[in-house]
Amino acid sequence: MSIAVSEVSKYYGSQQALQSITFHLKKGEITGFLGPNGAGKSTMMKIITGYLAPSSGVVTVNGFDITKHRKKVQESVGYLPENNPLYLDMYVREYLKFNAGLHNMKNPSIEDLITRTGLTPEAHKKIEALSKGYRQRVGLAAALLHDPEVLILDEPTTGLDPNQLVDIRKLIKTVGREKTVLLSTHIMQEVEAICDRAIIIDHGMIVADKRLDELKDAKEQVLVVEFDYRVEEMALQQLPRVMAIKNTTRFCYEILFDTAKDMRPMVFDFAYDNGLKILQLNKKNTTLESLFQELTKIT
Ligand code: ADP
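Residues numbered from 1 in each chain as written. Predicted model: local features only at pLDDT ≥ 70, side-chain atom pairs only at ≥ 80, totals over all residues. Heavy atoms only, no water.

When helices and strands are tallied, the chain shows 11 helices and 14 strands. A compact globule built from 299 residues would reach a C-alpha radius of gyration of about 19 Å, whereas the chain, at 24 Å, exceeds it by more than 25%. Pairs at least 24 residues apart make up 67% of the contacts formed inside the chain by residues separated by at least 6 positions. Surface exposure of the chain reaches about 15,500 Å², of which carbon and sulfur atoms provide 50%. One way to put it: in the chain the 38 positive side-chain charges average out to a point 4 Å from where the 38 negative ones average out. (Helix = DSSP H or I, 4+ residues; strand = E, 2+ residues; numbered from the N terminus. Rg over C-alpha atoms; globule rule 2.2 N^0.38 Å. Contact = heavy atoms within 4.5 Å. Areas by Shrake-Rupley, 256 points an atom, 1.4 Å probe, with all protein chains shown as cover. Lys, Arg positive; Asp, Glu negative; His and termini not counted. Charge placed at Lys NZ, Arg CZ, Asp CG, Glu CD.)

In the vicinity of the ligand, the residues found are Tyr12, Gln15, Ala17, Pro36, Asn37, Gly38, Ala39, Gly40, Lys41, Ser42 and Thr43. Gln15 is positioned with one of its side-chain polar atoms (N or O) 2.8 Å from an oxygen atom of the ligand. Note that an oxygen atom of the ligand is positioned 3.1 Å from one of the backbone N or O atoms of Ala39. Mapped onto the shell around the ligand, the elements with two or more residues apiece are strand S2 (15–25) and helix H1 (41–48). Take the shell around the ligand: its biggest share by element is three residues, from H1. Partitioning the shell around the ligand into residue classes produces four nonpolar, six polar and one charged. (Near = heavy atom within 4 Å. Polar contact = N/O pair within 3.5 Å; in protein donor to acceptor, adjacent residues only side chain to side chain. Nonpolar A, V, L, I, M, F, W, Y, C, P; charged D, E, K, R; others polar.)

So, about the packing of aromatic side chains. Using the criterion set out here, one finds seven aromatic pairs in the structure. Each ring, one from Phe227 and one from Phe270, has its centre 6.1 Å from the other, and the planes form 55°; the classification is tilted. Of this pair, Phe227 sits in strand S11 (residues 221–227) while Phe270 sits in helix H10 (residues 264–273), placing them 43 residues apart in sequence. Of the two residues, Phe227 and Phe270, both sit in the buried class. One aromatic cluster is present, formed by Tyr87, Tyr95 and Phe98 through successive ring pairs. Positioned over the ring face of Tyr12 is Lys10, at 5.7 Å from the centre of the ring. Its guanidinium or amino end placed over the ring of Phe251, Arg250 lies 4.3 Å from that ring's centre, counting from NZ or CZ. (Phe/Tyr/Trp six-rings, centres within 6.5 Å; stacked < 30°, edge-to-face > 60°. Buried < 20%, exposed > 50% of the residue type's maximum accessible area, 1.4 Å probe, protein only. Lys NZ or Arg CZ within 6 Å of the ring centre and 35° of its normal.)

On to a nonpolar patch on the surface, then. A contiguous nonpolar patch, built from Tyr87, Phe98 and Leu102 and spanning about 320 Å² of accessible area, is present on the exposed surface. Relative to the helices and strands, Phe98 is located in helix H3 (residues 92–102). (Patch = residues over 30% accessible without salt bridge, like charges linked within 9 Å, V, L, I, M, F, W, Y side chains within 5 Å. Salt bridge = Lys/Arg side-chain N within 4 Å of Asp/Glu carboxyl O.)

Once that is clear, we can look at the domain arrangement of the chain. How large an interface is tends to be reported as the accessible area lost when its parts come together. Domain annotation of the chain identifies domain 1 (3–212) and domain 2 (221–296). Each of domain 1 and domain 2 has a C-alpha centre, and the two are 42 Å apart. (Domains from an automatic or database assignment.)

Moving on: the sheet that holds strand S13 (residues 252–257). Taking strand neighbours across the sheet as the criterion, the four strands line up as S12-S13-S11-S14 in an open arrangement whose pairing is antiparallel. Whereas interior strands pair on both sides, the edge strands pair on one side only; in this sheet they are strand S12 (242–249) and strand S14 (278–284). Between one strand and the next, the sheet's axes are offset by a mean angle of 20°, whatever the strand orientation. Note: S11 against S14, six bridges, orientation antiparallel. Paired with Val224 across the strands is Asn282, a residue of S14. (Pairing = 2+ DSSP bridges. Axes fitted to C-alpha atoms, helices over the stretch in contact; angles between N-to-C directions.)

If you want it as structure tokens, here you go:
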């Protein structure tokens, strides 16, 4: 197991920021750590990287306890902190060499890293002259310098424009293939775009931990159906496995079934038996976004 977090709690004074968090991450998996602002994402990440001690609980990275083997842990973790603090008056190569020095690296392969992170066209510049997208590349390059097995990326795409966003997501996906990546974000689409798994945290507690493919095979389904005439909800209740019905507009209904089996044929039969015509009939996706909103009660 690359990262094992067991019953971790964290207090800042009397305020509890994390409440008994447990999860395990495997190599080759990109996990989205998703939650609203203040949920506890950065706190958890700082604990995994050894920058902050937990109030209770145990975290191991590659089998090393973060409180007992801090140095070993930092050798196997690459960390891109929130807001990516960089030395703006340094040149790109200078900054990466400086970071290599911090890791006591004798022969860092900086040119190779510059190529891999797409920094080549801007590598001759001072960091202050770079766009936000390129600054994130420098931050990622610095996190990757010592070829860590684990990458902890705190809000790596915040503040990027749409093109930069796509580029950085691609880069994270590529470099993440061989590593264990934990990436925090408050944007659901981000997780859908790059992650294999989503851990949703709210008020310091895990409220969901799911693989993205599991989310796609939800055990419920919502059908949106429009008839050519008004239908009594009581009549629609006769359909099998119905849990809820909502009349959205005029003759349009959203019907929630408690099964993943395709219920559209049943709705067709219902319309036929009742002399109705179907003007539209669609499955509504159960998205990560709806799960996130339901679980964290964001409206
Ligand atoms: P997120 O990264 O999900 O936005 P944080 O981990 O930054 O959440 O914060 C979790 C909670 O802990 C918040 O209520 C925040 O105000 C509080 N907090 C974070 N850092 C500190 C600190 N250094 N001192 C006191 N409270 C803090």
